[in-house]
Amino acid sequence: MMEGPLVSHIATLPGIYMAAEYKWEHDGQWRPIRIGERAAELDATFPDAARFGMLTASNPGFAARSDTENRDADRLLQHELERLDLRHRPAFAIAHNRTWKAYNWLVIDPEVDTFDDLAHRFGQ
């Protein structure tokens, strides 16, 4: 069992998300994103983009929901991204210890206000 400062950091919701592994899809390949590191593959793939964001509708507020509920919410988020004509790619986050996985969308060059609105609407 782990103890000490790392556990207390990871035990918070932001800490859980910071410790997760993130991947996004392009050309049939899953590519990593590491928090705190430059996303060189994203920059190279989308050189015209000024910013990127990762959105999920899974388990809002880290409240556990069924896989069916998460997939339904994910489809709603995808439809909203399409309705708003936001460029996006499939993505996911997974706990370092593999105890959870969340369906995500990488949003390419979103306006900050639009992105924030979506994050709030979908429970982030």
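Up top you'll find the structure we're talking about.
The notes below deal with the structure included here.

**Examining the environment of glycine 123**
Alright, step 1. Within the element layout of this structure, glycine 123 appears in the segment after α5 (112–121).
Alright, step 2. In the structure, glycine 123 is positioned 62 residues away from glycine 61 in sequence and 6.0 Å away in space, judged by C-alpha atoms.
Alright, step 3. Setting aside residues up to four positions removed in sequence, glycine 123 forms contacts with Pro60 and Gly61.

**Observations concerning the pattern of salt bridges**
Alright, step 1. Using the criterion set out here, one finds 11 salt bridges in the structure.
Alright, step 2. The partner of glutamate 41 in a salt bridge is arginine 31, and the shortest N-O contact between them spans 3.0 Å. Placement of glutamate 41 in helix α3 (residues 40–45) and of arginine 31 in strand β2 (residues 29–33) is noted, with a sequence separation of 10 residues between them.
Alright, step 3. Classification of glutamate 41 by relative accessible area gives partly exposed; the value is 35%.

Rules used in this analysis
Residues numbered from 1 in each chain as written. Predicted model: local features only at pLDDT ≥ 70, side-chain atom pairs only at ≥ 80, totals over all residues. Heavy atoms only, no water. Helix = DSSP H or I, 4+ residues; strand = E, 2+ residues; numbered from the N terminus. Contact = heavy atoms within 4.5 Å. Salt bridge = Lys/Arg side-chain N within 4 Å of Asp/Glu carboxyl O. Buried < 20%, exposed > 50% of the residue type's maximum accessible area, 1.4 Å probe, protein only.

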